[in-house]
Amino acid sequence: MSKRTPLPFVATAKTVQLERERLNSLINSMGDGVIAIDENLKVVISNGAALNILDINSSLKGRDIAKVLHLVDNNGQILNLREIICQTKTSQASREWKLIYPDNESINLYVSIAPVRLGYGQHGQKGYVLLLRDITREKSLEEERDEFISVVSHELRTPIAIAEGNLSNARFIFDQSKIKNIPVEEALKEAHSQLNFLSAMINDLAMLSRAERGTLTLEIESINVHDLIMELSKAYLPQAEAKNLSLKTDIDESLELLTSCKLYVREVLQNFITNAIKYTTKGHVTIGAKTRKSGVEFFVSDTGVGISKTDKEKVFDKFFRAENFQTRETNGTGLGLYVTMKLARLLHAEINVESELDKGSTFTIFVPNIGS
Ligand code: ADP
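Throughout this description, residue numbers start from 1 for each chain and increase along the sequence as written. Whole-chain, interface and lining totals are the exception, using all residues; otherwise, since this is a predicted model, local features are given only for residues with pLDDT of at least 70 and side-chain atom pairs are given and counted only at 80 or more. Side-chain metrics rest on all non-hydrogen atoms present in the structure, leaving aside hydrogens and water.

Enquirer: Go over the domain arrangement of the protein, please, and point to the residues and values.
Expert: Quite often, the size of an interface is put as the accessible area lost when its parts meet. Just so you know, the domain bounds were taken from an automatic or database domain assignment. Its domain assignment divides the protein into domain 1 (13–134), domain 2 (140–212) and domain 3 (221–368). Inter-centroid distance (C-alpha atoms) of domain 2 to domain 3 is 22 Å. The criterion used for residue contact is that any of the two residues' heavy atoms lie within 4.5 Å. Between domain 2 and domain 3, the contact holds 10 residues from the first and 13 residues from the second. The term buried area means the drop in 1.4 Å probe accessible area that two parts suffer when joined, counted for both and summed. The contact between domain 2 and domain 3 buries some 1000 Å² in all, and 68% of this surface belongs to carbon and sulfur atoms.

Structure, rendered in C-alpha cells:
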C-alpha cells in the first residue's frame, strides 16, 4: 500500500482560525445586532451590537434565544418567539415589535429572522440568523408625523365644512333665483368643487393615519343593505346628474341583514362611487348588492374610462394615479383606494376589480358577516 502524505493539519487549523477571526471581526463591526442560533434555538454566534441592544454583558453562547429576547407586539402581548422562529420558512421581518427589559423598560425593535445553514455542505447544521436594530427614534418620529396629520386634519375639517355649507347654499340660491350672474356662479362652482376636494383629501389623510397607527376599531352592527344602498344612491344623485350620468341600483331582493361595521362598509362604497362618477364621462353608474354565502357582495360598476391591465395591479397602491388624460383632468390624491384596501382588511373583506379601457370598471367587495 502506498503511503499517503499526511494532511498539513497545522496549516489548515491556522487557516480555519484565521477565517473565524475574520468573520468575527466582520460581524462585530456591524452596527446591527446579529445572533445566529442552532436548530434548538441556542445561540451559536452573536456580536457586540446584539449584546448592547439586549443590555447583556456576558456571552450569549449556548443560551436559549427565547430566554434572552423578550418581545411583545403593538398591544403589549408577549410573543412566542420560539413558535415564530420555528415557523420561519423563508426570511421574515417586523418593525412592529418591542423588546422588553427586566425593569419593564422597552425599545422598538426591527427584527429580521432568516433560516440558514450554519456551516458548509450537507453536514452544515440548520439554524437561523436574527438581525436586530433599535428603531425607537424612527418610530417616535413616525408617531409624531401621524399625530400631526391627525391634529391638522381635525382642525381643518370644521372650517372647511362651514365654508362648504355656505358655498353650497349660495349656489342653491343662485340656481333658484331668476337673475343669473354667470361669472359669480362659475366662481362659486369652482370654489365649491375645490373645497369638496380638500374635504375628501382631509378625510383620506385622517383615515389613513388612523389606519396606519392601528387605532381604527370595528363597531359591529346589523346593516340593512337595501337601505344603505338607497341612502348612498340618494346622496350621490346630484353629483351624477351634474355630469349627466344616470345612477342606478341593482339590489338582490333576497338580501338579509349583514353583520359588520357600517361606517367602514359605507366608506368603502363611497370611495367606489366617487371614483365611478369621477372617471365616467357618459353612460351610467350602478350600485348593487347580491347575497353570497355568509355575507354580502357589493359592487359599483361604471361605463367610464376603464383601467389598463398594468394599472389594475397598482390602483390600490399609496398615491397611485393612472397616467392618462382623464385622470389628469380630475382632482385626486391616489389615497382613496389605498385606504379602502386597509378598511377591507379590517372587515375581513375581499376586493376585486374588473375593468376594460374605454368600456368601464366594476369594483366588488365581498363583506362577510363578522362573528357568525
Ligand atoms: P384618486 O381617485 O384620488 O386618484 P384612488 O386611490 O381612489 O385615488 O384611485 C387611484 C387611481 O385608480 C385613480 O387615480 C384612477 O386612475 C384609478 N381608478 C380608480 N377608480 C376608477 C374607476 N372607477 N375607473 C377608472 N379608473 C379608476
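Enquirer: Account for unusual backbone geometry, naming residues and giving values.
Expert: As a rule of thumb, non-glycine residues mostly have phi less than zero, and peptide bonds are mostly trans rather than cis. In this structure, leucine 41 takes a positive phi of about 65° despite not being glycine. Helix and strand definitions here come from DSSP, where helices need a minimum of 4 consecutive H or I residues and strands a minimum of 2 consecutive E residues; each element is numbered from the N-terminal end. Structurally, leucine 41 is set in the loop between strand 1 (33–38) and strand 2 (43–46). Positive phi, normally seen in glycine, also occurs at aspartate 55, with a value near 60°.

Enquirer: Report on helix 7 (residues 225–242), specifying residues and quantitative values.
Expert: One less than the number of residues in a helix, times 1.5 Å, gives the span that helix is expected to have. Between the first and last C-alpha of helix 7 there are 26 Å, a value that for 18 residues agrees with the 26 Å anticipated at 1.5 Å per step. What is called the bend at a residue is the angle between a pair of axes, fitted to the seven residues leading up to and ending at it and to the seven starting from it. At tyrosine 236, helix 7 shows its maximal kink, close to 45°; a proline, proline 238, follows between one and four residues later. Exposed residues in this analysis have more than 50% of their type's maximum accessible area, buried residues have under 20%, and partly exposed residues fall in between, with area computed by a 1.4 Å probe over protein chains only. Regarding helix 7, the residues found buried are Val225, Leu228, Ile229, Leu232, Ser233, Tyr236 and Ala240. Buried residues in helix 7 make contact with strand 7 (220–223), strand 8 (246–251), strand 9 (258–261), helix 8 (262–278), strand 10 (284–292) and strand 11 (295–302). After helix 7 finishes, the residue asparagine 244 shows a positive phi value of roughly 60°.

Enquirer: Provide a residue-level description of the environment of arginine 213, including the pertinent values.
Expert: Here arginine 213 lies in the loop between helix 6 (182–212) and strand 7. The exposure class of arginine 213 is partly exposed, given its relative accessible area of 30%. In the structure, arginine 213 is positioned 71 residues away from glutamate 142 in sequence and 9.4 Å away in space, judged by C-alpha atoms. In contact with arginine 213, other than residues within four places in its own chain, are Asp146, Glu147 and Ser150.

Enquirer: Let's hear about the nonpolar core: which residues, and what values?
Expert: Think of a nonpolar core as a cluster: buried Ala, Val, Leu, Ile, Met, Phe, Trp, Tyr and Cys residues, connected wherever their side-chain atoms sit within 4.5 Å. By size, the foremost hydrophobic cluster in this structure holds 49 residues, and its most contacted members are Val225, Val265, Leu269, Phe272, Phe298, Val300 and Ile365. In terms of residue count, helix 8 provides more of this core than any other element does, 8 residues in total. Counting only domains with at least three residues in this core, you end up with domain 2 (140–212) and domain 3 (221–368).

Enquirer: Please give an account of the side chain of aspartate 204 that cites residues and values.
Expert: Along the polypeptide, aspartate 204 turns up in helix 6. The buried charged residue aspartate 204 lacks any salt bridge partner; its closest oppositely charged side chain belongs to lysine 278, at an N-O distance of 7.4 Å. Contact partners of aspartate 204, with chain neighbours within four places excluded, come to Asn271, Thr333, Leu335, Gly336 and Val339. Charge counting follows a simple rule: Lys and Arg are positive, Asp and Glu are negative, and His as well as the terminal groups are ignored. What counts as a salt bridge is simple: a side-chain nitrogen of Lys or Arg found within 4 Å of a carboxyl oxygen of Asp or Glu.

Enquirer: Could you give me a rundown of the site of the ligand, with the residues and numbers involved?
Expert: Taken together, 21 residues surround the ligand, and among them Asn275, Tyr279, Arg321, Thr333 and Leu337 come closest. Here a polar contact means two N or O atoms within 3.5 Å. Within protein one must be a hydrogen donor candidate and the other an acceptor candidate, and residues neighboring in sequence count only if both atoms are side-chain atoms. Measuring from a nitrogen atom of the ligand, one finds a side-chain N or O atom of aspartate 302 at 2.9 Å. Accessibility throughout is a Shrake-Rupley quantity obtained with a 1.4 Å probe, and a residue counts as covered only by protein chains that appear here. Alone, the ligand offers 530 Å² of accessible surface; in the complex the protein occludes 97% of this. Looking at the shell around the ligand, the elements that each hand over two or more residues are helix 8, helix 11 (336–346) and strand 13 (360–368). Per element, the largest residue contribution to the shell around the ligand is 3 residues, and it comes from helix 8. One heavy atom within 4 Å of a molecule or strand is enough for the residue carrying it to be called near that molecule or strand.

Enquirer: Help me get a handle on the packing of helix 5 (residues 136–176) against helix 6, residues and values and all.
Expert: Where helix 5 meets helix 6, the closest approach of the two axes is 8 Å, and the angle between their N-to-C directions is 155°. Taken as axis vectors, helix 5 and helix 6 run roughly antiparallel relative to one another. You can see that helix 5 and helix 6 cross each other, and the crossing is left-handed. Where helices are involved, their axes are fitted lines through C-alpha atoms of the stretch in contact, as for all axes, and angles between N-to-C directions lie from 0 to 180°. Oblique is the label for any angle not covered by the other classes, which are roughly parallel (under 35 degrees), roughly antiparallel (over 145) and roughly perpendicular (65 to 115). What makes a crossing left-handed is the near helix being turned counterclockwise from the far one by less than a right angle; a clockwise turn instead makes it right-handed.

Enquirer: Which residues make up the sheet that holds strand 8, and what values go with them?
Expert: The rule for pairing is simple: two strands pair if DSSP sees at least two bridges between them. Within the open sheet, the 5 strands sit side by side as 8-10-11-13-12. Their pairing is mixed. Strands with a single pairing partner mark the edges of an open sheet, and in this sheet they are strand 8 and strand 12 (350–356). For this sheet, the mean angle separating the axes of adjacent strands, direction not counted, is 15°.

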